[in-house]
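Chain by chain, the residues run as shown.
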Amino acid sequence: MSTRRGRAISAARGLLTGLVSGYAALAVAELVSVAVRPEASPLTSVGGAVIDRTPTAVKDWAIRQFGTADKLVLQLGILAVLALFAAFLGVLALRYRRGASLGVLVLGVVGAVAATGRPDSVSVLDAVPSLCGAVVGAGVLYILSGPLGSPASTHDEGAGAGGPGRRGFLLAAAGVTAAATGLGFLGRRLNASSAAGAEASRAALRLPRPASPAPPLPRGVDLKLPGLTPFTTPKGRFYRVDTALVVPRVDADSWRLRIHGKGVTTPLDLDFRDLVGRDLIERDITLTCVSNEVGGPYVSSARWLGVRLDELLAEAGVKPPSRGGRADQLVARSVDGMTLGTPVETVMDGRDAMLAVGMNGEPLPFKHGFPVRMLVPGLFGYVSACKWIQDIELTTFDAYDTYWVKRDWAREAPIKTQSRIDTPRPFARLKPGQVVVAGIAWAQHKGIERVEVRVDDGPWEQADLAAAGPLDTWRQWSWRWPATRGGHTLQVRATDRTGYTQTDRRTGTVPDGATGRHSVVVDVN
């Protein structure tokens, strides 16, 4: 019994040793990342590498299941895996101290490779936080896994039993934990303070008045019904789908944009003052993510302020392919390494494509691209809505595949005509009598002509449309249903102004957006 108890105590010491060592490694790496850049910390760089290498189907599943919490879930998962590895190495160190310590160093090398292999890596210095953390973690593991005061302890390095006793081990582990907590907290605070300049630049920014204001919205564009999505999405409810584990904090005072590449006769290098000093346009535009399933939440609408992109390209000497231009693809690059590819012909066809600096009357929020992001109405976000943009290169689709195209998504992706039932919610319990069914429909750059609803397999009934907003926005609709007792399925379909009616054929989001009709099941009783 005593032997079994001794083994259990030894294993517990090993687990604690591994976890404390791993914790110390991460804390030191976080602190060192202050001297490099926050994105070089192991948790962020490894998380980014995991995102880059995750199969498209798995990414799509994560977005559906976890929504905007997908990044938090990923980070918690990485921490859990690291904790398991650390615990394993701690137990292993009871017999093989040098081997287990070497294992910690190997994990540090993995983190360093992940950091320097990211698209946004700026130099080999990105490897330093992971390597420094690994050295400290290996040292802590080696020391704490030494003689633990048990006569039965054996080690491959021949350590004797006369080292610190159990109490000494616990005090050492507690001391390392306390020190690591302090270092990690300091690293977090310093990394946060490094973004103070960006936050100050946003707080001080006063957006100029647009030279071309948004047309007034017609009365009745927002039905203001309970449960119905508002016409203009508040910034806190605007969807966010991107790969950035750490939201970039870019200082508007140091931001620059370069426009160059094939067909560019006059390369442009702009700072933020140059950009906002130009004539600005203000437009209501609805954005949609290609990962939005039928009836999904990844569609939002806002009033944007920015500079016309076609005018900037024309100033750089760019011509669309239809006028003899040499480039057919615009590659937008973000500060986090993301690349998006947009057809030059689409950007320059007269629609309100812009480099946006404002959203709903204020500077862009950081998570939505401050200081500057790109928007192209009518295209899914992954081919048009580059956040934290810093570079525009003119090239061809044959010459370059962007981030998402390399991951099985289509090169070109116009938004598909879709509609959604917002109220009643799925599985709602309703009373017999008149029930308001309402929702939204969208067909950016085409417009919504008609929305129809049906109950079960009954005839299609035409819904009442809200007043039409601008062509690049969604449209609300409502229908009064004389509900009868029983379980029912409500289904909606939209027809755009080209005459196209939503198909009932269900397809997934890959490669260029989902198709099908949204339906909800309700119980009337």
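These numbers come from a predicted model, not from an experiment. (Residues numbered from 1 in each chain as written. Predicted model: local features only at pLDDT ≥ 70, side-chain atom pairs only at ≥ 80, totals over all residues. Heavy atoms only, no water.)

Help me out: how do you make sense of the overall build of the protein in this one?
Scanning the protein for helices and strands turns up 11 helices and 19 strands. Dimensions along the principal axes, computed over C-alpha positions, put the protein at roughly 85 × 70 × 45 Å. At a minimum sequence separation of 6, the contacts of the protein that also span at least 24 residues come to 75%. Total accessible area computed for the protein in this model is approximately 23,600 Å², and 57% of it derives from carbon and sulfur atoms. Averaging the locations of the 61 positively and 48 negatively charged side chains of the protein gives two centres separated by 8 Å. (Helix = DSSP H or I, 4+ residues; strand = E, 2+ residues; numbered from the N terminus. Contact = heavy atoms within 4.5 Å. Areas by Shrake-Rupley, 256 points an atom, 1.4 Å probe, with all protein chains shown as cover. Lys, Arg positive; Asp, Glu negative; His and termini not counted. Charge placed at Lys NZ, Arg CZ, Asp CG, Glu CD.)

Would you take a moment to explain the packing of aromatic side chains for this structure?
What describes a pair of aromatic rings is the distance from one ring centre to the other and the angle between the planes of the rings. Enumeration according to the criterion identifies nine aromatic pairs in this entry. An angle of 65 degrees between the planes, with centres 6.3 Å apart, marks the rings of Y239 and Y298 as edge-to-face. Of this pair, Y239 sits in the loop between α8 (196–204) and β1 (256–261) while Y298 is found in the loop between β3 (281–288) and β4 (299–308), placing the two residues 59 residues apart along the sequence. Residues W255 and F272 carry aromatic rings whose centres are separated by 6.3 Å and whose planes lie at 85 degrees to one another, so their mutual orientation is edge-to-face. A residue pair is termed long-range when its members are at least 10 positions apart, and W255 in the loop between α8 and β1 and F272 in helix α9 (residues 272–276) qualify at 17 residues. By relative accessible area, W255 is classed as buried at 3%. (Phe/Tyr/Trp six-rings, centres within 6.5 Å; stacked < 30°, edge-to-face > 60°. Buried < 20%, exposed > 50% of the residue type's maximum accessible area, 1.4 Å probe, protein only.)

Help me understand the sheet that holds strand β15 (residues 461–462) in this model?
Sheet strands pair via backbone hydrogen bonds, and the direction of the pair is either parallel or antiparallel. Here five strands make up an open sheet; going across it, the order is β12-β19-β18-β14-β15 and the pairing mixed. Where the open sheet ends on each side, the last strands, each with one partner, are β12 (429–430) and β15. (Pairing = 2+ DSSP bridges.)

Sorry if this is basic, but what is going on with the environment of Q491 here?
On the secondary structure map, Q491 appears in strand β18 (residues 486–496). For the pair Q491 and R454, spaced 37 residues apart in sequence, the C-alpha separation works out to 5.5 Å. For Q491, the contacting residues outside a window of four places in its chain are I421, E452, V453, R454, W460, R517, H518 and S519.

What exactly am I supposed to notice about a nonpolar patch on the surface here?
Together, L102, L105, V106, V110 and V135 line one region of the surface with nonpolar side chains, adding up to about 430 Å² of accessible area. Among the elements that line the nonpolar patch, the one with the most residues is helix α5 (residues 97–116), at four residues. Position of V110 relative to the elements: it lies in helix α5. By relative accessible area, which is 49% here, V110 ends up partly exposed. (Patch = residues over 30% accessible without salt bridge, like charges linked within 9 Å, V, L, I, M, F, W, Y side chains within 5 Å. Salt bridge = Lys/Arg side-chain N within 4 Å of Asp/Glu carboxyl O.)

Any chance you could explain unusual backbone geometry here in plain terms?
Negative phi characterises most residues that are not glycine, and trans characterises most peptide bonds. A cis geometry characterises the amide bond from F370 onward to P371, with omega recorded as 10 degrees. Along the chain, the position of P371 falls in the loop between β8 (362–363) and β9 (373–375). With an omega of 5 degrees, the peptide bond between T423 and P424 qualifies as cis. As for its position among the elements, P424 is in the loop between β11 (418–423) and β12. Positive phi, normally seen in glycine, also occurs at W388, with a value near 55 degrees. Looking at the element boundaries, W388 is found in the loop between β9 and β10 (389–395). In this model, D456 sits at a positive phi of 55 degrees, which is unusual for a non-glycine residue. Within the fold, D456 resides in the loop between β14 (448–455) and β15. Judged by its relative accessible area of 34%, D456 falls in the partly exposed class.

Teacher, can you tell me more about the side chain of D391 here?
Tracing the sequence through the fold places D391 in strand β10. Of note is the side chain of D391, whose polar atom sits 3.0 Å from the side chain of H260. In this structure D391 touches L257, R258, H260, V331, A332 and R333, once residues within four positions along its chain are discounted. (Polar contact = N/O pair within 3.5 Å; in protein donor to acceptor, adjacent residues only side chain to side chain.)

How should I be thinking about the packing of helix α2 (residues 42–53) against α5 in this particular structure?
Packed helix pairs are characterised by how far apart their axes lie and by the angle those axes make with each other. Look at α2 against α5: their axes get within 8 Å of each other, and the N-to-C directions meet at 65 degrees. Taken together, the axes of α2 and α5 are roughly perpendicular relative to one another. In this structure, α2 meets α5 at a crossing whose hand is left-handed. Judged by residue contacts, S45, V46 and A49 of α2 engage G111, A114 and A115 from α5. Of the residues belonging to the contact of α2 with α5, the class tally is four nonpolar, two polar and no charged. (Axes fitted to C-alpha atoms, helices over the stretch in contact; angles between N-to-C directions. Parallel < 35°, antiparallel > 145°, perpendicular 65-115°, else oblique. Left-handed = near helix turned anticlockwise from the far one by under 90°. Nonpolar A, V, L, I, M, F, W, Y, C, P; charged D, E, K, R; others polar.)

Before we go on, may I ask you to explain the pattern of salt bridges in this structure?
Pairs may arise between side chains of opposite charge once their charged atoms sit close together. By the definition in use, this model includes 30 salt bridges. We note a salt bridge from K71 to D70, for which the minimum N-O separation is 3.4 Å. Note on K71: relative accessible area 8%, which makes it buried. For R429, the salt bridge identified is with D523, shortest N-O distance 3.5 Å. Taken together, the positions of R429 in strand β12 and D523 in strand β19 (residues 519–524) put the pair 94 residues apart, joining distant regions of the chain.

Please explain helix α7 (residues 166–194) as it appears in this structure.
In an α-helix, one turn spans 3.6 residues, which is why side chains three or four residues apart end up on the same side. Here α7 spans 42 Å end to end across 29 residues, near enough to the 42 Å set by a 1.5 Å rise per residue. Those residues of α7 not exposed but buried are F169, A173, A180, G184, G187 and N191. (Expected span 1.5 Å × (residues − 1).)

Could you clarify how one ought to interpret the nonpolar core in this entry?
In a soluble, globular protein the nonpolar side chains are often hidden away together inside. Counting residues in hydrophobic clusters, the biggest one holds 80 residues, and the most contacted among them are W304, L355 and L394. Those residues within four positions of L394 in sequence are excluded, and the remaining contacts are I259, H260, G261, K262, V264, L313, V318, A327, Q329, L330 and V344. V437, A443, W479 and V524 belong to the second-largest nonpolar core, a separate cluster that totals 22 residues. (Core = buried A, V, L, I, M, F, W, Y, C linked by side-chain atoms within 4.5 Å.)

Before we go on, may I ask you to explain the sheet that holds strand β16 (residues 464–465) in this structure?
Pairing within the open sheet is antiparallel, and its four strands lie in the order β11-β13-β17-β16. Each of the sheet's edge strands pairs with one partner strand only, and the pair in question is β11 and β16. Pairing of β16 with strand β17 (residues 475–483) involves two bridges; the strand directions are antiparallel. Bridging from a neighbouring strand, D464 pairs with S478 of β17.

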